[in-house]
Amino acid sequence: MTDEVTPQGSHRTVRTNRTNELSLEVKAPRRMATFRRGISLQNHWRWIFSFLVVSVSIAFLVLTICLVPFPSDLLQANHSPSQLTPYDHLNMAITVTLMQVTVPPAVALILRYHTECQRDLTVLMAATWTGEMTLAAKHLLHFQGFDRYGVGVPAALAGLLWVGLKLEHLLINALVDLEQVLPLDFRLPLLRFVLRIEMFTVVLIVVIIGLDEILDSQFLRISGSFCCWMYLCLGIYFYFILRTGLNFLVAEVDRARGRQDGLANPDVMAAIYKIRTYRRTLGLCSLTRLLILVHSMLFSGYLWPIPDDMVKRVHESLGNSFFTFVLTDSSLACNLWFVSLIVGITYIMGFSSLFATHQRHEEEQARIRKRGERQRTYLPAMDEGWQQKVEDLAKRALSLEALLNFYSGLGRDYMHHFDSHRHTTDDVVRQAIIPLSAPHQSDMSKILMQGRRKRPNAMVTHTWHSRFRDLVASVVAEALQDSNYARIAVLLDSDIDLVKGWLRRTGDLQSMYWICAFCVNQHSSICQPSFPLRDSVTGAEVKACDCSCPKYLNMDPP
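Residues numbered from 1 in each chain as written. Predicted model: local features only at pLDDT ≥ 70, side-chain atom pairs only at ≥ 80, totals over all residues. Heavy atoms only, no water.

Take unusual backbone geometry next. Cis geometry marks the peptide bond from Trp-304 to Pro-305, where omega comes out at 10°. Of note, Pro-305 is situated in the loop between helix H8 (266–300) and helix H9 (310–318). Residues other than glycine seldom take positive phi values, yet Gln-450 does so here, at roughly 55°. Within the secondary structure, Gln-450 sits in the loop between helix H16 (444–448) and strand E3 (458–461). (Helix = DSSP H or I, 4+ residues; strand = E, 2+ residues; numbered from the N terminus.)

Counting all residues, the mean pLDDT for the protein is 78, and 81% of those residues have values of 70 or more. Segment residues 261–265: pLDDT under 50, and four contacts once partners within four positions in sequence are set aside and those in other chains are kept. (pLDDT = per-residue confidence, 0-100. Contact = heavy atoms within 4.5 Å.)

Once that is clear, we can look at the nonpolar core. Ranked by internal contacts, the top residues of the largest apolar core, which has 59 residues, are Leu-175, Ile-205, Tyr-231, Met-297, Trp-337 and Phe-338. Secondary-structure elements contributing two or more residues to this core are helix H3 (86–112), helix H4 (116–143), helix H5 (152–181), helix H6 (188–215), helix H7 (218–258), H8 and helix H11 (330–349). Counting residues per element, this core draws most heavily on H5, which supplies 13 residues. Counting residues in hydrophobic clusters, the runner-up holds 52 residues, among them Ala-458, Leu-480, Trp-502 and Tyr-513. (Core = buried A, V, L, I, M, F, W, Y, C linked by side-chain atoms within 4.5 Å. Buried < 20%, exposed > 50% of the residue type's maximum accessible area, 1.4 Å probe, protein only.)

Of all ten residues in helix H14 (residues 400–409), seven are buried, a share of seventy percent or more. For H14, every residue scored as buried is listed here: Leu-400, Ala-402, Leu-403, Leu-404, Phe-406, Tyr-407 and Gly-409.

What follows concerns the UniProt feature "transmembrane region" (unreviewed entry) in the protein. As annotated by UniProt and renumbered to match this structure, "transmembrane region" (unreviewed entry) occupies residues 47–70, 90–111, 193–211, 223–242, 282–304 and 336–357. As a span, residues 193–211 carries 100% helix and 0% strand, and end to end its C-alpha atoms are 28 Å apart. Helix makes up 100% of residues 223–242 and strand 0%, with an end-to-end C-alpha separation of 29 Å. (UniProt positions renumbered as here; feature names shortened; annotations may be inferred.)

A separate point is a nonpolar patch on the surface. On the surface, Trp-45, Ile-48, Phe-49, Phe-51 and Leu-52 cluster together into a nonpolar patch covering about 500 Å² of accessible area. Position of Ile-48 among the secondary structure elements: in helix H2 (residues 43–67). The class of Ile-48 is partly exposed, set by a relative accessible area of 37%. (Patch = residues over 30% accessible without salt bridge, like charges linked within 9 Å, V, L, I, M, F, W, Y side chains within 5 Å. Areas by Shrake-Rupley, 256 points an atom, 1.4 Å probe, with all protein chains shown as cover. Salt bridge = Lys/Arg side-chain N within 4 Å of Asp/Glu carboxyl O.)

As a further point, take the packing of aromatic side chains. On inspection of all chains with the given rule, the structure shows eight aromatic pairs. Where Phe-406 meets Phe-518, the ring centres are 5.1 Å apart and the plane angle is 90°; that geometry is what we call edge-to-face. A residue pair is termed long-range when its members are at least 10 positions apart, and Phe-406 in helix H14 and Phe-518 in helix H20 (residues 516–519) qualify at 112 residues. An identical accessibility class is assigned to Phe-406 and Phe-518; each is buried. Taken together, a centroid distance of 6.3 Å and an interplanar angle of 45° make the contact between Phe-468 and Phe-518 tilted. In this pair, Phe-468 is assigned in helix H17 (residues 468–480) and Phe-518 in helix H20, connecting sequence segments 50 residues apart. Accessibility assignment for this pair places Phe-468 and Phe-518 in one class, buried. Every member of this aromatic cluster is reached through a ring pair, and the members are Phe-406, Tyr-407, Tyr-414, Phe-418, Phe-468 and Phe-518. Positioned above the aromatic ring of Tyr-113 is the side chain of Arg-46, whose terminal nitrogen or guanidinium carbon lies 4.5 Å from the ring centre. In this structure, Arg-221 is placed above the aromatic ring of Tyr-302, and the distance from its NZ or CZ to the ring centre is 4.7 Å. (Phe/Tyr/Trp six-rings, centres within 6.5 Å; stacked < 30°, edge-to-face > 60°. Lys NZ or Arg CZ within 6 Å of the ring centre and 35° of its normal.)

This next bit is on the packing of H17 against helix H18 (residues 486–494). Put simply, H17 and H18 touch, their axes get as near as 8 Å, and they point 115° apart. With respect to H18, the element H17 is oriented roughly perpendicular. The element H17 and its partner H18 pack so that their crossing is right-handed. Residues Arg-469, Asp-470, Val-472, Ala-473, Val-476, Ala-477 and Leu-480 of H17 touch H18, and the partners they reach there are Ile-488, Ala-489, Val-490, Leu-492 and Asp-493. Of the residues that constitute the contact of H17 with H18, the class distribution is nine nonpolar, no polar and three charged. (Axes fitted to C-alpha atoms, helices over the stretch in contact; angles between N-to-C directions. Parallel < 35°, antiparallel > 145°, perpendicular 65-115°, else oblique. Left-handed = near helix turned anticlockwise from the far one by under 90°. Nonpolar A, V, L, I, M, F, W, Y, C, P; charged D, E, K, R; others polar.)

In this section: the side chain of Thr-102. On the secondary structure map, Thr-102 appears in helix H3. A polar side-chain atom of Thr-102 sits 2.9 Å from a polar atom in the side chain of Glu-132. Setting aside anything within four residues of it in sequence, one finds Thr-102 in contact with Met-125, Trp-129, Glu-132 and Ile-342. (Polar contact = N/O pair within 3.5 Å; in protein donor to acceptor, adjacent residues only side chain to side chain.)

Pasting the structure below:
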């Protein structure tokens, strides 16, 4: 199917296909990967960022091989906490290895992301890679004896806290998507305010701890501990606000399930399971982050009045065993958390979906280039009559609001036997559009738009033998930038006001579309066929139009 060109340039084309209906009454969130999109980044910047990630990772690998000698007593554990131990080598190896493991998915995300959701996950993956880099830098400084310059601990904490902040930002964006779909208040302004305070606190923590590592001041240590306690309290507060909002979400789903007649509907049960899993996953991520932060700050000595020599005390009590190393080493805990984030991001993203999105983006770019070429080579028709008709047709756009208002009247104000599950576009044209426009003997868009003539934002190509509801749903889905129109189709019957609310919030309610069923004057062509017509559902004969409008077919002159 090809795009069509109008005199002032062509428009994007919406294609519809008949699919199996998704029988789901629960207002589930739209797919995160297609809910928000339109993110663009120049290809050369993508390659530059990818090159930097690969180069830095290789540089750390080379430095590790060159500067960190392999220990001869790897299996011995008789070392004090102040000495270099085989466990330090193990920690360094784990950190640098994780850096290399993070590189392929990070580069794939940087080069292939095209949606806001994918961008958020890309930044979180980049933050995780940065956290691993700061840990690797800390270990290198430790091996080279540069700890006295006071950059290792604050750098490692900065990387860890940066990952935590980005995770909270991603959770807020997820709630933004849910709030646009469900009539719930997740207290997003309060969450954003807490996040801003946390960002300010992180800056204070890094600066104060950096100064304390250099000056070794008790006042700075207490001040840094106060900031750490403040950050932890803010994180706990953020977690409880998030938990409360997600509990409201689950309660709303339970109430929706209680209103369902068929609780055994597999689609409904799958949606409920996903929402409950969504709550558990977000809550677990937030809680795990807090535990890792507590562990890191505790064994770094920045939770006054808890003693700042907890590592030494644990070693004296339990000895220098591997268990003691696992219990007290914050870097290992951070690495384990970073691994879970990498696995989680990879699972959420699904690289097949990532590359499929990139392929659709490339196809869209090729279509845009093709459209531009057609615009540059466009020539008006030689026949002035044809040219005038083309320009007239190009100005008969229909707004989404008018389209939805028309759909709302089906079965209520006209075509009273309308069955959205079965009636086709051809049925609606013959039994609703043609009778309603007969008194005016004009196209239906002129009536619905109250005589206003506008150019479209998009042209819709479709088949008249598919369900009319699918046609309307696909146009709405295109405006909302959702690749799945089946859910919209269900909501057109169950809660069309919700659909209008989405379009109103995104500013697309007045988006203009060119649909032949509405924009072509059917009284000038097909309203009086030479063969009997029948309703595709009831089989009843459809009364032909009795207007006196002249008829023009495809081969007639202008």
